[in-house]
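Geometric and topological summary
Listed here are the chains, written in short residue letters.
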Amino acid sequence: PGTLAPTGVGDIVLTPKAVVLDRDAFPLGIALAVPISVPSGDPAAFLGEGAVSAAPQAILEWSDEKIHTRAYKFRAAAMGGVLLREPARLQDARFGNAFTYGVAAGYRVISPLEINLELHGNSTGGRVAQNAAELLLGGKFLMADLVSVSVGGGTGLGGGVGAPAFRLYAGV
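Read on for an overview of the structure. (Residues numbered from 1 in each chain as written. Predicted model: local features only at pLDDT ≥ 70, side-chain atom pairs only at ≥ 80, totals over all residues. Heavy atoms only, no water.)

**Brief notes about the overall build of the protein**
Rules: Going along the chain from the N terminus, every DSSP run of H or I of four or more residues is numbered as a helix, and every run of E of two or more is numbered as a strand. It is over C-alpha atoms that the radius of gyration is taken, and the globule rule equals 2.2 Å times the number of residues to the power 0.38. When checking whether two residues touch, look at their non-hydrogen atoms; a contact exists if any pair is within 4.5 Å. For every accessible area listed, the method is Shrake-Rupley and the probe measures 1.4 Å; residues are considered covered only by the protein chains on display.
Secondary structure assignment for the protein yields 0 helices and 14 strands. Sequence-ordered secondary structure for the protein, helices as α and strands as β, is β-β-β-β-β-β-β-β-β-β-β-β-β-β. The globule rule puts the C-alpha radius of gyration for 172 residues at 16 Å, and the 17 Å found for the protein is close to it. Summarising its shape, the C-alpha atoms of the protein cover approximately 50 × 30 × 25 Å along the three principal directions. A separation threshold of at least 6 residues defines the contact pool for the protein, and within that pool the share at least 24 residues apart is 42%. Surface exposure of the protein reaches about 10400 Å², of which carbon and sulfur atoms provide 66%.

Have a look at this one:
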């Protein structure tokens, strides 16, 4: 194989979500999401799955005040699900469907800035290479009622395949 590029763009991910219990109406919010990955990255360079994948997940969210009106100061969430993907192999490690998990917390320092800390990952077996995790720190600028701008970065944990040495992200 050729040399791996140190940076690149991975697969495009579309994420439909449905709210089961709205946090603004109940003490705990519950949502379901199904991120769908469309192949656009190069799987040989570890920048994509090489096939369509889906990751159904359940999400729990708590906050000290209402979220939609942005009256909260602190909020936290936890996610668990499964990544459904084509089987793959890297040397003697096999990869396929995986358990996915994540926890996150956000604190509104001042309006409109929220600081976020997130840990997420997936596990497809008992070997180190089969367990990827990532820790991210970022900021979210709450611009308008339904618009926010996010920037941040982080690092992979534990050495699993797919855990980056370093990652920067931005989103609207």
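**A word on the environment of Gly 80**
Relative to the helices and strands, Gly 80 resides in strand E7 (residues 74-83). Taking the C-alpha atoms as reference points, Gly 80 and Gly 102, 22 residues apart in sequence, are found 6.6 Å from one another. Those residues within four positions of Gly 80 in sequence are excluded, and the remaining contacts are Gln 57, Ala 58, Thr 100 and Tyr 101.

**Brief notes about the environment of Pro 112**
Filter applied, for reference: Only protein chains enter the accessibility calculation, which uses a 1.4 Å probe; a residue whose area is less than 20% of its type maximum is buried, one above 50% is exposed, and one in between is partly exposed.
On the secondary structure map, Pro 112 appears in the loop between strand E10 (98-110) and strand E11 (113-123). Overall, the relative accessible area of 35% leaves Pro 112 in the partly exposed class. In sequence terms Pro 112 and Phe 141 are 29 residues apart; their C-alpha atoms lie 5.5 Å from each other. Not counting the four nearest positions on each side in its chain, Pro 112 is found in contact with Lys 140, Phe 141 and Leu 142.

**With respect to a nonpolar patch on the surface**
To be explicit about the condition: Each patch groups residues whose relative accessible area exceeds 30% and which form no salt bridge, using 9 Å between like charges and 5 Å between nonpolar side chains of Val, Leu, Ile, Met, Phe, Trp and Tyr. The salt bridge definition used is simple: a Lys or Arg side-chain nitrogen within 4 Å of an Asp or Glu carboxyl oxygen.
On the surface, Leu 28, Leu 60, Trp 62, Phe 74, Tyr 107, Val 109, Ile 110, Ile 115, Leu 117, Leu 135, Leu 137 and Leu 157 cluster together into a nonpolar patch covering about 1000 Å² of accessible area. Those elements giving two or more residues to the nonpolar patch turn out to be strand E6 (57-63), E10, E11 and strand E12 (131-144). By residue number, the principal contributor to the nonpolar patch is E10, which donates 3 residues. Of note, Trp 62 is situated in strand E6.

**Digging into the packing of aromatic side chains**
Condition: Each Phe, Tyr or Trp ring (for Trp, its six-membered ring) is paired with any other whose centre lies within 6.5 Å, and the angle between the two planes then decides the class: stacked below 30 degrees, edge-to-face above 60, tilted in between.
One pass over the full model with this rule turns up 2 aromatic pairs. For the pair Trp 62 and Phe 74, a centre-to-centre distance of 6.1 Å together with 55 degrees between the ring planes defines the contact as tilted. Of this pair, Trp 62 sits in strand E6 while Phe 74 sits in strand E7; the two residues are 12 residues apart in sequence, bridging distant segments of the chain. Note on Trp 62: relative accessible area 38%, which makes it partly exposed. Judged by centre distance (6.0 Å) and plane angle (25 degrees), the rings of Phe 99 and Tyr 101 are stacked. The exposure class assigned to Phe 99 is partly exposed, which follows from its relative accessible area of 46%. Given the relative accessible area of 28%, Tyr 101 is considered partly exposed.

**Structural notes on the sheet that holds strand E4 (residues 36-38)**
What counts here: Here a strand pair is declared whenever DSSP counts at least two bridges between the two strands.
Judged by pairing direction, the sheet is antiparallel, and its 3 strands sit side by side in the order E1-E4-E5 without closing on themselves. The open sheet terminates on both sides in strands that have one partner only, identified here as strand E1 (12-14) and strand E5 (53-54). As paired elements, E1 and E4 share 3 bridges and run antiparallel to each other. Each bridged residue has a counterpart across the sheet, and for Leu 14 the counterpart in E4 is Ile 36.

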